[in-house]
Amino acid sequence: QVQLVESGGGAVQPGGSLRLSCAASQSIFSFYHMGWYRQAPGKQRELVATITSGGTTNYADSVKGRFTISRDDAKNTVFLQINSLKPEDTAVYYCNAYSTVLINGRYEHWGQGTEVAVSS
């Protein structure tokens, strides 16, 4: 069973910053990409950012220039640095691991989420 454990969420004021972490129970290098998604109240889960095993990154237009995804393969951890937070960034942020082959019977694995609340 692949386990992904997110941390780093919290309540911040607009303009603030947070650093989210996702610790995996196994090597993240075995996944095609790692990513962060978010789900705001009453909305569908949406892609925030992904990073491939080779380091290629992809961001949603709404977070470009404010969010940075990175990875530390030695620590099996993926990070999401979020700056210039806006109220519309309020959501539960989920870590995702995607593989092109089955790992423990699945192509995708999800964490339990960490909540980010932005308000003044």
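All of the points below concern the structure found in this document. Computed from a predicted structure; not experimentally measured.

**Details of the pairing of strand β9 (residues 91-103)**
Okay, so step 1: When strand β4 (residues 33-39) meets β9, the two strands line up antiparallel, connected through seven bridges. In the sheet register, glycine 35 faces β9, and the bridge partner there is asparagine 96.
Okay, so step 2: For β9 and strand β10 (residues 106-110), the ladder comprises four bridges, and the chain directions are antiparallel. Bridge assignment links isoleucine 103 to a residue of β10, and that residue is arginine 106.

**Overview of the side chain of asparagine 96**
Okay, so step 1: Tracing the backbone shows asparagine 96 in strand β9.
Okay, so step 2: Overall, asparagine 96 belongs to the buried group, its relative accessible area being 0%.
Okay, so step 3: Side chain to side chain, asparagine 96 and glutamate 108 meet in a polar contact 3.2 Å long.
Okay, so step 4: Leave out the neighbours within four places in its chain, and asparagine 96 touches Leu4, His33, Met34, Gly35, Tyr37, Glu108, His109 and Trp110.

**Describing the state of the cysteines**
Okay, so step 1: Counted by the stated rule, this structure contains one disulfide.
Okay, so step 2: The disulfide bridge from cysteine 22 ends at cysteine 95, spanning 2.0 Å between sulfur atoms. Across the S-S bond linking cysteine 22 and cysteine 95, the dihedral sits near -80 degrees, which makes this disulfide left-handed. Separated by 73 residues along the polypeptide, cysteine 22 in strand β3 (residues 18-24) and cysteine 95 in strand β9 bring together distant segments of the chain.
Okay, so step 3: Given the relative accessible area of 1%, cysteine 22 is considered buried.

So, how was this worked out
Residues numbered from 1 in each chain as written. Predicted model: local features only at pLDDT ≥ 70, side-chain atom pairs only at ≥ 80, totals over all residues. Heavy atoms only, no water. Pairing = 2+ DSSP bridges. Helix = DSSP H or I, 4+ residues; strand = E, 2+ residues; numbered from the N terminus. Buried < 20%, exposed > 50% of the residue type's maximum accessible area, 1.4 Å probe, protein only. Polar contact = N/O pair within 3.5 Å; in protein donor to acceptor, adjacent residues only side chain to side chain. Contact = heavy atoms within 4.5 Å. Disulfide = S-S within 2.5 Å.

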